[in-house]
Amino acid sequence: MDQEKQNSTILTLKKVGKTYDNTVHALQDVNISVEEGEFVSVIGPSGAGKSTLLRCINRLVDATEGEILFDGRDITHVTGKDLRWVRTRTGMIFQHYNLVNRLSVIENVLHGRLGHKSTLSGVVGYYTEAEKEQAFEILDRLGLADQAYKRCDELSGGQMQRVGIARALMQEPRLILCDEPIASLDPSSARVIMDYLKAINETMRITCILNLHQVDVALKYSERVIGITAGCVVYDGLTENLDKKKIHEIYQSEEGQLIIDVDEGGK
Ligand SMILES: Nc1ncnc2c1ncn2[C@@H]1O[C@H](COP(=O)(O)OP(=O)(O)O)[C@@H](O)[C@H]1O
Ligand SMILES: [Mg+2]
């Protein structure tokens, strides 16, 4: 029984398409299945549809075609309480952190709890002692316990992203979606963030899907890579089978060349 659960599929996209304004085909016929506990990187050039893919999954945008199943439920068109369930169970990490800068670190982390609360206690900022304890534990896990009462705008980028991760964990998500989580960070802060995400995935078994601009980072951290070009999945498989030729196909540009060179120099 436990064994069965360990191998369960948490996310399935069936023939998913997204057309913006009836003209821009951002995603076309996307078929993806993700098992619980996977750490998957999504790569592809700018404008390929990576952000749209993550936003369709947590329903920040509505797919115009196909079906999305999350944790066994069809969430493609859910609204109200069911949509809130989707948003609570999928934590989102953004390139620019999306914190409330004038609020403290701990307040931002507690915001992760809002989806679990009644509107009223959320509005008046009421959190239980247990929730506050949990928020401190999470901050501690991310090495931020001593920053809890700082305003977010006093933090470095790497620290802000750790607050973003802490807020996502506070939601008690099944799935964490990261949209270019390290694109605004220097290499050493980027490594710290990637190590935390990987550790969360491994120790808490939270499934992670990351849009990454850096192919070398994707190759280093994930066993599985999904390559998207012009809205289509052109690669979905083990990282070790992703060769140079395939990376070129995914990027279709000099950008790919550049990144491959970096990759070959590193690791
Ligand atoms: N809100 C939107 N309205 C119209 N077009 C959009 C919107 N968001 C993204 N697009 C277009 O959809 C395509 C995919 O964008 P996006 O998902 O942001 O790609 P990526 O994250 O890979 O850079 C691009 O052509 C982009 O211009
Ligand atoms: Mg994007």
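An account of the accompanying structure is given in this report. Keep in mind that what you see is a predicted model, and the values were worked out from it rather than measured.

Read from one edge of the open sheet, 4 strands run E2-E1-E4-E5, paired in antiparallel fashion. The outermost strands of the open sheet, each flanked by one partner alone, are strand E2 (24–35) and strand E5 (73–74). Strand direction decides the pairing type here: strand E4 (residues 65–70) and E5, joined by 2 bridges, are antiparallel. In the sheet register, Leu 69 faces E5, and the bridge partner there is Asp 74.

When we look at burial in helix H3 (residues 80–89), the residues that qualify are Leu 83, Trp 85, Val 86 and Thr 88. Structurally, H3 contributes buried residues whose contacts are with helix H2 (50–57), E4, E5 and strand E6 (90–94).

Here helix H6 (residues 129–141) spans 18 Å end to end across 13 residues, near enough to the 18 Å set by a 1.5 Å rise per residue. Those residues of H6 that sit buried are Glu 131, Gln 134, Ala 135, Ile 138 and Leu 139. Relative to the axis of H6, the buried residues are bounded by an arc of 140 degrees and lie together on one face. Exposed residues on H6 whose side chains face more than 90 degrees from its buried face are Glu 129, Ala 130, Glu 133, Glu 137 and Asp 140. Contacts from the buried residues of H6 go to helix H4 (105–111) and helix H7 (157–170). Of the residues one or two after H6, Gly 143 is the one with positive phi, at around 70 degrees.

Inspection of the entire model under this criterion finds 12 salt bridges. Between Arg 224 and Glu 38 there is a salt bridge, and its shortest N-O distance comes to 2.9 Å. Here Glu 38 lies in the loop between E2 and strand E3 (39–43) and Arg 224 lies in strand E9 (residues 224–229), a separation of 186 residues in the sequence. Judged by its relative accessible area of 10%, Arg 224 is buried.

With that settled, consider the sheet that holds strand E7 (residues 175–179). Each strand in a sheet pairs with its neighbour through backbone hydrogen bonds, running either in the same direction (parallel) or in the opposite one (antiparallel). Strand order in this open sheet of 6 strands is E6-E7-E8-E3-E9-E10, and the pairing throughout is mixed. Of all strands in the sheet, those bounded by a partner on one side alone are E6 and strand E10 (232–238). Along the sheet, successive strands turn relative to each other by an average axial angle of 15 degrees, direction set aside. Pairing geometry for E6 and E7, over 5 bridges, is parallel. Considered in E7, the bridge of Ile 93 is made with Cys 178. Sitting on the sheet, H2 touches E3, E6, E7, strand E8 (207–211) and E9, and the angle it makes with E7 is about 150 degrees.

Below, the discussion takes up the site of ligand 1. Near ligand 1 the following residues occur: Tyr 20, Asp 21, Val 24, Ala 26, Pro 45, Ser 46, Gly 47, Ala 48, Gly 49, Lys 50, Ser 51 and Thr 52. Within the backbone of Ala 48, an N or O atom sits 3.2 Å from an oxygen atom of ligand 1. At 2.8 Å from an oxygen atom of ligand 1 is found a side-chain nitrogen or oxygen belonging to Ser 51. A total of 560 Å² of accessible area belongs to ligand 1 in isolation, and the protein chains cover 62% of it.

Criteria and thresholds
Residues numbered from 1 in each chain as written. Chains lettered and ligands numbered in written order. Predicted model: local features only at pLDDT ≥ 70, side-chain atom pairs only at ≥ 80, totals over all residues. Heavy atoms only, no water. Pairing = 2+ DSSP bridges. Helix = DSSP H or I, 4+ residues; strand = E, 2+ residues; numbered from the N terminus. Buried < 20%, exposed > 50% of the residue type's maximum accessible area, 1.4 Å probe, protein only. Contact = heavy atoms within 4.5 Å. Expected span 1.5 Å × (residues − 1). Arc of directions from axis to C-beta. Salt bridge = Lys/Arg side-chain N within 4 Å of Asp/Glu carboxyl O. Axes fitted to C-alpha atoms, helices over the stretch in contact; angles between N-to-C directions. Near = heavy atom within 4 Å. Polar contact = N/O pair within 3.5 Å; in protein donor to acceptor, adjacent residues only side chain to side chain. Areas by Shrake-Rupley, 256 points an atom, 1.4 Å probe, with all protein chains shown as cover.

Bear in mind that shape data such as this cannot, by itself, settle questions of function.
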